[in-house]
Structure formats: structure tokens, C-alpha cells
Amino acid sequence: MRQRLSSEPDRYRGRRRVPTPPRSRYAAVVTSAFVGAGVVALGAASNLPDAKDVNPDVLQSLKSSQIATDALESRDSDGERASRSSERSDKAEEVSAEVSAEDIYLLPLDDYQFSSPYGVRFGKLHAGIDLAAADGTPYKAVHGGKVTSAGYNGGYGYSITVEQEDGTEMIYAHSRRLLVKKGDEVKAGQVIGEVGNTGYSYGTHLHLEVHVKGTPVDPIVFLRERGVDIKLQIESVYAGMAAAEAAS
């Protein structure tokens, strides 16, 4: 170590050197500062209003308002449920009235190809429509009524005639098999026979005729006016109900 010469100026002479505090002491000072700040913050927070200091009358008013709101919502909900229930009841009565009136018309087959319309063919009146389907496919009564004829009938082959209450007749022809007999009462949607190729027929199909007051009319037009579209294969909105009733 070099010794300081007596001739060198003493730059530190006359000055007091402040000793550096130890690390543990410095940490204690910083911690005290943070603790002091926290105490000040808690003191300020103690001046804030507490829930226990809220006026009891105000609390009671808020509770009463909430109770009234809940009561109104409950009443509206009950009113809506009652209204929906009433609407369903009214609709059910309307449907029941329709069904009891036996005013249901349905498609005769679940799947088919429209193959021939009503009109003049080969110089003669083709008095019905032809719906092509596989041999043995079951067909159903389009409308309820009484079976007035069931058997072999010349050019119609095995056929069924169902007379409705108003005298309108439905004829189902060229059947392979008949599942009803004369005198039976049938319902719309009830299976009454199977598609065949008997009589004057060119391929398996169901020939359907409609006679109003003894005169044949176009089944397409007649059924469309009653909610059944043969070409689009759309039937009455009550089809499901009628089928269930026929099966029971």
C-alpha cells in the first residue's frame, strides 16, 4: 500500500464522513415507510360510509320496490301462460270439431307416380286418374263412407266403391286384392286394398274416380278443393289425426 506523502494536499481534511447504514437497517426504514402509508390509507377508508350506516327507511323502501316488481313480473308470466293455454284449448276444440264432422280427405297412397290425368283418351273419356305404384302396395280410403261395391267389375278389375254421406262416390280400381267387403264402414286413411293390374290395365297402378251426383268429375280439382293435391302429394292438415283414428 502506498503511503500518502506529507506534501500531498489532504482533500478530506476538515470534512465529516457520514457512515453508510447497514443493509438490515435500510430495509427496516423502507418497511416503516410502507406501513405508515398503509395506516394513512386505512384511516381514510374508515371515514367512508358503511352498509350498516345506511338509513333503515331507505333499505325498506328498496325492498318494497323489489317485491312490487317481482309481483308484476309473476302476474305477467301467469297471464301469458293462461293465454297460451286458452289458445291451445281453442285450437284443440276447432280440430275436434273438424274431425267429428268427418270432413277429412287424404292421399290414397304414401308413394306413387302420377301417370294419367282425367280426360279423353283413345277417343273415350278416361273418367279418373292413374297413380302408378308397385304391385301389392296398400292403398287407403281418401274419405270415410260406406262400401257399396267390392269385387270384380269388368274393365275396372277388382274394385271398391265407397259412398260418402252426401252421395259422392269414390271408385278404386285395378286392385290385386280387396281388404273390405260390401256394407263395411271405412274411415279416411284406412287401408282398403292393394295396387294391382287387373281388368283393362296397362301396368300396376291405382285408378281413382270421383262421381258427384252420378257424374264423374276430375279428381284433381275435386280433391284440391278439399286440401289434397294429388300432383304435389300434399294432403289435409288433419292427416295424422285421421290415420291414428283409422288405426284405432
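- As recorded by an unreviewed UniProt entry, the protein carries the name Putative M23-family peptidase and is attributed to Actinoplanes missouriensis.

### Examining the overall build of the protein
Part 1: For the protein, the helix and strand inventory stands at four helices and twelve strands.
Part 2: Within the protein, the fraction of its 248 residues that count as buried is 27%.
Part 3: Partitioning the intrachain contacts of the protein with sequence separation of at least 6 by distance along the chain shows that 61% fall at a separation of at least 24.
Part 4: Here the protein has roughly 17,200 Å² of accessible surface; of this, 54% comes from carbon and sulfur atoms.

### So, the side chain of threonine 161
Part 1: Relative to the helices and strands, threonine 161 resides in strand β7 (residues 158-163).
Part 2: Leave out the neighbours within four places in its chain, and threonine 161 touches Lys146, Val147, Thr148, Ser149, Glu169, Met170 and Ile171.

### Describing the pairing of β7
Part 1: Here strand β6 (residues 145-152) runs beside β7; their pairing, made up of six bridges, is antiparallel. The partner of alanine 150 across the bridge, within β7, is isoleucine 160.
Part 2: Linking β6 back to β7 in an antiparallel pair, the connection comprises five residues, with glycine 154 at a positive phi of about 55°.
Part 3: Looking at chain direction, β7 and strand β8 (residues 169-178) are connected through five bridges and run antiparallel. Counterpart to tyrosine 158 in the pairing with β8 is serine 175.
Part 4: Hairpin connection of β7 to β8: five residues between the antiparallel strands, including glycine 167 at a positive phi of 95°.

### Some details on the side chain of glutamate 194
Part 1: Here glutamate 194 shows up in strand β10 (residues 191-195).
Part 2: On the basis of relative accessible area, glutamate 194 is assigned to the buried category, the value being 12%.
Part 3: With residues near it in sequence (within four places) discarded, glutamate 194 still touches Gly136, Thr137, Pro138, Tyr139, Ser175, Arg176 and Arg177.

### As for the pattern of salt bridges
Part 1: With the rule as written, the count across this model stands at eight salt bridges.
Part 2: Between glutamate 194 and arginine 176 there is a salt bridge, with the nearest N and O atoms lying 3.1 Å from each other. Of this pair, glutamate 194 sits in strand β10 while arginine 176 sits in strand β8, and the two are 18 residues apart along the sequence.
Part 3: Residue classification places arginine 176 among the partly exposed positions, given a relative accessible area of 44%.
Part 4: One salt bridge in this structure joins glutamate 225 and arginine 226, with 3.5 Å as the shortest N-O distance.
Part 5: Using a relative accessible area of 31% as the deciding quantity, one classes arginine 226 as partly exposed.
Part 6: Each member of the salt-bridge network shares a partner with another, and the members are Asp135, Arg176, Arg177 and Glu194.

### A closer look at a negative patch on the surface
Part 1: A surface patch of like charges, here negative, comprises Glu163, Glu165, Asp166 and Glu185.
Part 2: Structurally, aspartate 166 is set in the loop between β7 and β8.

### Quick notes on the nonpolar core
Part 1: Counting 27 residues, the largest nonpolar core has Met170, Tyr172, Leu223 and Ile230 as the members making the most contacts within it.
Part 2: When residues of this core are traced back to their parent elements, those giving at least two are β4 (128-132), β7, β8, β10, β11 (205-212) and α3 (219-224).
Part 3: In contact with isoleucine 230, other than residues within four places in its own chain, are Leu107, Pro108, Tyr112, Phe114, Ile129, Leu131, Ile220 and Leu223.

### Structural notes on the pairing of β4
Part 1: The buried fraction of β4 amounts to four of the five residues, a majority that puts the element mostly inside the structure.
Part 2: Strand direction decides the pairing type here: strand β1 (residues 113-116) and β4, joined by three bridges, are antiparallel. Counted as the bridge partner of phenylalanine 114 is leucine 131 from β4.
Part 3: Sheet analysis places β4 next to β11, joined by five bridges and oriented antiparallel. What sits directly across from aspartate 130, in β11, is histidine 207.

The rules behind each value
- Think of each chain on its own: its residues are numbered from 1, step by step along the sequence as written.
- Local features in this predicted model are restricted to residues of pLDDT 70 or higher, and side-chain atom pairs are both shown and tallied only at a pLDDT of 80 or more, whereas totals for entire chains, interfaces and linings draw on every residue.
- Heavy atoms from the whole structure form the basis of all side-chain values; hydrogens and water molecules are not counted.
- Only DSSP runs of H or I covering at least 4 residues are called helices, and only runs of E covering at least 2 are called strands; the numbering of each starts at the N terminus.
- Here the term buried applies to any residue with accessible area under 20% of the maximum for its type, exposed to any over 50%, and partly exposed to those in between, with areas from a 1.4 Å probe on protein chains only.
- Two residues form a contact once any of their heavy atoms are found within 4.5 Å.
- Here, Shrake-Rupley sampling with a 1.4 Å probe gives the accessible areas, and only protein chains in the shown set may cover a residue.
- The pairing criterion is simple: DSSP has to find at least two bridges between the two strands.
- The term salt bridge refers to a pairing of a side-chain nitrogen on Lys or Arg with a carboxyl oxygen on Asp or Glu at a separation within 4 Å.
- Patch membership is restricted to residues that have no salt bridge and whose relative accessible area is over 30%. Joining uses 9 Å for like charges and 5 Å for the nonpolar side chains Val, Leu, Ile, Met, Phe, Trp and Tyr.
- Positive: Lys, Arg. Negative: Asp, Glu. His and the chain ends are not part of the count.
- By convention, the point assigned to a charge is CZ for Arg, NZ for Lys, CD for Glu and CG for Asp.
- Nonpolar cores were defined as sets of buried Ala, Val, Leu, Ile, Met, Phe, Trp, Tyr and Cys residues, with membership established by side-chain atoms within 4.5 Å.

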